[in-house]
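# Observations on the three-dimensional arrangement
Chain by chain, the residues run as shown.
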Amino acid sequence: MTNTNDTQVIDLDVLDFTFGGAAFGRMEDGKPVFVPFAIPGEKVRVRLPIERKDYNIGELVEVLVPSPRRVEPRCRHFGVCGGCHYQHISYEHQLEIKQKIVIDQMQRIGKMQDPPVRLIVPSPAEWNYRNTMQFHISRGGRPGFRDTKGTDVVEVQECHLPLPELGELWPNLDIDPASGIDRVLLRVGSDGELLAGLEGNPGKPPELVIDFPLSLHYLGSQQDYLMAGDAFSTMTVNDVNFAVSPRSFFQVNLPQAEAMVNYVLANCEVSKTSTVLDLYCGVGLFSAFLAPRVKELAGVELSESACTDFALNLDAFDNVSLFIGKVENIVSSLEIKPDLVLVDPPRAGLDKRVVAYLNESSARQIIYVSCDPSTLARDCSRLVDGGYKVESIQPFDLFPQTYHVETMVLMSRTND
């Protein structure tokens, strides 16, 4: 143990991963130290710039004994740019890590002794899989990402996550720093058409020169402007086309979106007499496949742009309705008696009012789509307390090279 510039430096045996990208070890007194970019089984030298009462956060100084699963990162910015967390780990081991984290969260937070977690579904592509990217604009007008501390923008010369069409576009971004534009969304549709959404503070869009054939939107603080091209991108999942506006969320890994839709269709118990409630329905990814199979389907969504897209994407169905607003405010007044409820909440998970509604509902099945295994585990525990049983837990790797993991949970009513 040494001190360098009043910052303690220690050698540490790395024990395991935690959700969030870091691994951890323990000091001699048992206090945990969380270390990004380390791998369990390694011996590492770390600096301790942040010391808390119950834990420390370390910075990796040197790998003394490397793991056989350590690989050379593909990107020169890895470790500085905050976009990727696992490039130093072989992809097979990335899958093992995410699988284990889902199991751990379900055991520790979800209070399940033997959670029925299936093998994670790997991404068909480990690299160049994202159809949508969001770049911050540096003070020099160049595209970049937040650094690992989240405080500065790292200008990037390479990125291996976007699809090739976006890979040809983003390096040519050159934004006048005086324009007020601070973020740029880039998206490529299934038809190969490019779309850019410029976000900034000015009330009206600045003058711009466009060198690429693309649809251009200005996403202002007060109003959005369509400056050129189409109002939305077209995303195709299992031969169904979806209109996706710049402000609307859609899965960035289309082959995995198809796998998730197939999971829903394979596990939902619905018929032409069923009623389905799709909470946090977005642009209608799951609703579009469930609507033809059921008597009635209702979606609930807050995002204005997603609601507009949902109405367009589900326009062909007479048995579909849409409720606009916060899910926790709407469910209490719904007169629908659902047989199946599908929930796809944001990272924070379900509001307690939504959990209470589900526990008191007539739903025989719940399919829970989650991007955060910790809040998923918490909500599953609350739903189990309310009379549901967890039938299966299916992780999907939508985001290779990062710690993020998507999980779908099938639950059924036990106290009919």
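Structure's up top.
Below is a summary of the structure that appears in this document. (Residues numbered from 1 in each chain as written. Predicted model: local features only at pLDDT ≥ 70, side-chain atom pairs only at ≥ 80, totals over all residues. Heavy atoms only, no water.)

## Observations concerning the environment of N313
Within the element layout of this structure, N313 appears in helix α5 (residues 304-313). Between the C-alpha atom of N313 and that of R183, which follows or precedes it by 130 residues, the distance is 28 Å. Not counting the four nearest positions on each side in its chain, N313 is found in contact with N241, F242, A243 and V283. There is a polar contact of 2.7 Å between the side chain of N313 and the backbone nitrogen of A243. (Helix = DSSP H or I, 4+ residues; strand = E, 2+ residues; numbered from the N terminus. Contact = heavy atoms within 4.5 Å. Polar contact = N/O pair within 3.5 Å; in protein donor to acceptor, adjacent residues only side chain to side chain.)

## Observations regarding unusual backbone geometry
Despite not being glycine, K111 shows a phi value in the positive range, around 60 degrees. In this structure, K111 sits in the loop between α1 (91-108) and β7 (132-137). For K111, a relative accessible area of 65% puts it in the exposed group. (Buried < 20%, exposed > 50% of the residue type's maximum accessible area, 1.4 Å probe, protein only.)

## Observations concerning the environment of D379
Counting through the fold element by element, D379 comes out in helix α8 (residues 373-385). Overall, the relative accessible area of 0% leaves D379 in the buried class. Sequence spacing of D379 and V355 is 24 residues, and the spatial spacing of their C-alpha atoms is 7.4 Å. Among residues more than four places away in sequence, those in contact with D379 are G349, L350, V355 and Y368. A polar contact is formed between the side chain of D379 and the side chain of R378, at a distance of 3.0 Å.

## A few points about helix α7 (residues 352-360)
The set of residues buried in α7 consists of V354, V355, Y357 and L358. Viewed end-on, α7 has its buried residues packed into an arc of 160 degrees, placing them on one side of the element. Of the exposed residues in α7, those oriented more than 90 degrees away from the buried face are K352 and E360. Put simply, D351 is the residue that caps the front of α7, since its side-chain oxygen is 2.7 Å from the backbone nitrogen of R353. (Arc of directions from axis to C-beta.)

## Re the pairing of strand β14 (residues 233-237)
Going residue by residue along β14, you find S233, M235 and V237 tucked away on one face and T234 and T236 left uncovered on the opposite face. In this structure, the hairpin formed by β14 and strand β15 (residues 240-244) is closed by a connection of two residues, where N238 is found at a positive phi of approximately 50 degrees. (Pairing = 2+ DSSP bridges.)

## Quick word on the sheet that holds strand β16 (residues 275-279)
Judged by pairing direction, the sheet is mixed, and its seven strands sit side by side in the order β18-β17-β16-β19-β20-β22-β21 without closing on themselves. Every interior strand has two partners, whereas the edge strands, β18 (320-324) and β21 (388-396), have only one. When strand polarity is set aside, the average angle formed by the axes of neighbouring strands in this sheet is 15 degrees. Two strands pair when backbone bridges link them, and β16 and strand β17 (residues 296-301) are joined in this way by five bridges, in the parallel orientation. Counted as the bridge partner of L279 is V300 from β17. Its contacts with the sheet place α7 against β16, β19 (340-343), β20 (365-370), β21 and β22 (406-413), and it is angled at close to 35 degrees to β22. Lying on the sheet, α8 is in contact with β20, β21 and β22; it crosses β20 at an angle near 165 degrees. (Axes fitted to C-alpha atoms, helices over the stretch in contact; angles between N-to-C directions.)

## Overview of the side chain of D339
Mapped onto the secondary structure, D339 falls in the loop between α6 (327-330) and β19. Here D339 is in contact with T273, S274, T275, A363, R364 and Q365, once residues within four sequence places are set aside.

## Let's talk about the pattern of salt bridges
What the rule picks out here adds up to 17 salt bridges. One salt bridge connects E96 with R69, and the closest N-O pair in it is separated by 3.1 Å. Of this pair, E96 sits in helix α1 while R69 sits in the loop between β6 (56-65) and α1, and the two are 27 residues apart along the sequence. On the basis of relative accessibility, which here comes to 37%, the residue R69 falls in the partly exposed class. Taking the shortest distance from any N to any O, the salt bridge between R183 and E199 comes out at 3.2 Å. Here R183, found in strand β10 (residues 181-188), pairs with E199, found in strand β11 (residues 194-200); they are 16 residues apart in sequence, far enough to count as distant. Linked through salt bridges whose partners overlap, the residues forming this network are D11, R45 and E62. (Salt bridge = Lys/Arg side-chain N within 4 Å of Asp/Glu carboxyl O.)

## Looking at the packing of aromatic side chains
Pairs of aromatic rings are described using the distance from one ring centre to the other and the angle between the two planes. Inspection of the entire model under this criterion finds eleven aromatic pairs. For the pair F37 and F78, a centre-to-centre distance of 5.1 Å together with 75 degrees between the ring planes defines the contact as edge-to-face. Within this pair, whereas F37 is found in the loop between β4 (32-36) and β5 (43-51), its partner F78 is found in the loop between β6 and α1, the two being separated by 41 residues in sequence. Judged by relative accessible area, which is 16%, F78 ranks as buried. Summarising the aromatic geometry, the rings of Y218 and Y225 are spaced 6.4 Å apart at their centres and angled 45 degrees between planes, so their arrangement reads as tilted. The exposure class of Y225 is partly exposed, given its relative accessible area of 22%. Grouping aromatic residues by their ring pairs yields a cluster made of F24, F34 and Y55. (Phe/Tyr/Trp six-rings, centres within 6.5 Å; stacked < 30°, edge-to-face > 60°.)

## Quick notes on the pairing of strand β12 (residues 215-219)
Among the five residues in β12, five count as buried, and that is most of the element. Residues S215, H217 and L219 of β12 are buried on one face, and the alternating residues L216 and Y218, pointing to the opposite face, are buried as well. For β11 and β12, the ladder comprises five bridges, and the chain directions are parallel. Residue A196 lies in a different strand from β12, and its bridge partner there is L216. Pairing analysis gives four bridges linking β12 to strand β13 (residues 224-228), with the strands arranged antiparallel. Bridge pairing in β13 links Y218 to Y225. Between β12 and β13, which pair antiparallel one after the other, the connecting turn spans four residues.

No statement about biological role is implied by the geometric values presented.
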